[in-house]
Amino acid sequence: MTHHATPLSTHAVAITGAADGIGWATAQLFAARGWRVALLDMDGPKASERAQALGQHHMGLLCDVTNADQVSGAMAQVVAQLGRLDALVNNAGIGDQTTPTLQQNVDAFDRVLSVHLRGAFLMTQAALAHMQTQGRDAKGNRGAIVNIGSIASTGGIPGRNAYSAAKAGILGMTRALATEWARQGIRVNVVAPGYVATTLVTNLAEKGAINAPAIAQRTPLGRMAEPAEIAESIFFLASPAASYITGATLAVDGGWSVLGAPDTALGDIEHA
């Protein structure tokens, strides 16, 4: 993925789960648009390596989003080094158990909710504490938070109990935060992707663990998303271009969540 870099702005963003997948695509896009980026990830060395690849104005940090001390420590470092925080992207997440409900383990259930929900909550708390002290821009905004939902936020996926609960929870928490913080000029929104062709998903498809042709057939646009396409939507909601949007869920799923007919009604996928 190549972007033509623009001059460095004063804007700064922190992105969790930033070393790979959607998080890394998002970090690259913000950097290319001139933002200073803090990449937070469970893999600290990889986050630092990624930050170095983006250039000298960026930083990479070890951060387990479920650990309150690590979160507050990382946020303190981000603000100390970057000087301000205009946006937070709560992207960190893990996959669900792949076994039927009666074989599922409650500790694994708790872990999925902890990373997605507790992690987004802790990161948001730490970000809000700083954002509320910043000056307002011309539209009265002080900062923006973008949470990552899913087609599992609103649609049922058999067996994906913890993941579906976590991603539905992200929508509810976002609405609560958006309404609480609107008067303080802090916007909170959700990007809800469908299936995305990350390296992880591509590898699963190659192993036959995911039926990629079936996913393409079920998606009205006829394909998975590229990570960069999700990054564009995240950037939009974090940027001043979305200055009047808060509490919204932006579906970036190729039409998946609005399809109300059997996928045979879509017709054949036309390949260019």
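Our subject is the structure that appears above.
### Brief notes about the side chain of H130
With respect to the element layout, H130 can be found in helix α4 (residues 106-131). There is a polar contact of 3.2 Å between the side chain of H130 and the side chain of Q134. Look past the residues within four positions of H130 in its chain and what remains in contact with it is V79, G83, R84 and L85.

### What to know about the pattern of salt bridges
For the structure on display, the rule yields 6 salt bridges. Of the charged contacts, one joins D86 and R84 as a salt bridge, the two residues approaching to 2.7 Å between their closest N and O atoms. Where salt bridges share partners, they join D20, K46 and R50 into one cluster.

### Observations concerning the packing of helix α1 (residues 21-32) against helix α8 (residues 227-238)
In a pair of packed helices, the angle between the axes and the distance between the axes together describe the arrangement. In contact at an axis separation of 8 Å, α1 and α8 are set at 60 degrees when each is read in the N-to-C sense. One element, α1, and the other, α8, form an angle in the oblique class. In terms of crossing hand, the pair formed by α1 and α8 is right-handed. Contacts from G21, I22, A25, T26, L29 and F30 in α1 reach P227, A228, I230, A231, E232, I234, F235 and A238 in α8.

### Looking at the nonpolar core
With 34 residues, the main nonpolar core has L40, V78 and M123 as its most contacted residues. The set of elements that each furnish at least two residues to this core consists of β1 (12-16), β2 (36-41), β3 (59-62), α3 (68-82), α4, α5 (161-181) and β6 (186-193). Take this core: its biggest share by element is 8 residues, from α4. Contact partners of V78, with chain neighbours within four places excluded, come to A38, L40, M59, L61, G83 and L85. W24, A25, A27 and A87 belong to the second largest nonpolar core, which has 29 residues in total.

### Re the sheet that holds strand β5 (residues 143-148)
The strand order across the open sheet built from 7 strands is β3-β2-β1-β4-β5-β6-β7, with neighbouring strands paired in parallel fashion. Every interior strand has two partners, whereas the edge strands, β3 and β7 (249-252), have only one. Taking each pair of neighbouring strands and ignoring which way they run, the sheet shows an average axis angle of 20 degrees. Together, β5, β6 and β7 form the strand contacts of α5, whose direction differs from that of β6 by roughly 160 degrees. Against the sheet, α8 contacts β4 (87-90), β5, β6 and β7, and its axis sits at roughly 165 degrees relative to β6.

### A look at the packing of aromatic side chains
Enumeration over the complete set of coordinates arrives at 4 aromatic pairs. Relative to F235, the ring of W35 lies with its centre 5.9 Å away and its plane at 70 degrees, an arrangement referred to as edge-to-face. Note that W35 is positioned in the loop between α1 and β2 and F235 in helix α8, a separation of 200 residues in sequence. Here W35 matches F235 in class, with each residue buried.

Calculation criteria
Residue numbers run consecutively from 1 along every chain, following the written order of its sequence. Selection of residues for local features in this predicted model requires a pLDDT of at least 70, selection of side-chain atom pairs for listing and counting requires 80 or more, and totals for whole chains, interfaces and linings are taken over all residues. With hydrogens and water excluded, all non-hydrogen atoms of the structure serve as input to the side-chain values. Secondary structure follows DSSP: runs of H or I at least 4 residues long count as helices, runs of E at least 2 residues long count as strands, and numbering of each begins at the N terminus. Any pair of nitrogen or oxygen atoms within 3.5 Å is treated as a polar contact; in protein, a donor-acceptor pairing is required on top of that, and neighbouring residues in sequence qualify only through side-chain atoms on both sides. Throughout, a contact is declared for two residues whenever any of their heavy atoms are within 4.5 Å. One side-chain nitrogen of Lys or Arg within 4 Å of one carboxyl oxygen of Asp or Glu is enough to make a salt bridge. Where helices are involved, their axes are fitted lines through C-alpha atoms of the stretch in contact, as for all axes, and angles between N-to-C directions lie from 0 to 180°. Note that the term roughly parallel is reserved for angles under 35 degrees, roughly antiparallel for angles over 145, roughly perpendicular for angles of 65 to 115, and oblique for everything else. Each crossing gets its handedness from the near helix: less than a right angle anticlockwise from the far helix is left-handed, clockwise is right-handed. Side-chain atoms within 4.5 Å are what join buried Ala, Val, Leu, Ile, Met, Phe, Trp, Tyr and Cys residues into a set we call a nonpolar core. Three labels apply to residues, based on accessible area from a 1.4 Å probe with only protein chains included: buried if under 20% of the type maximum, exposed if over 50%, partly exposed otherwise in between. If DSSP finds at least two bridges between two strands, the strands pair. In this scheme Phe, Tyr and Trp rings, the latter by its six-membered ring, pair at centre separations within 6.5 Å, and the angle between planes marks the pair as stacked below 30 degrees, edge-to-face above 60, and tilted otherwise.

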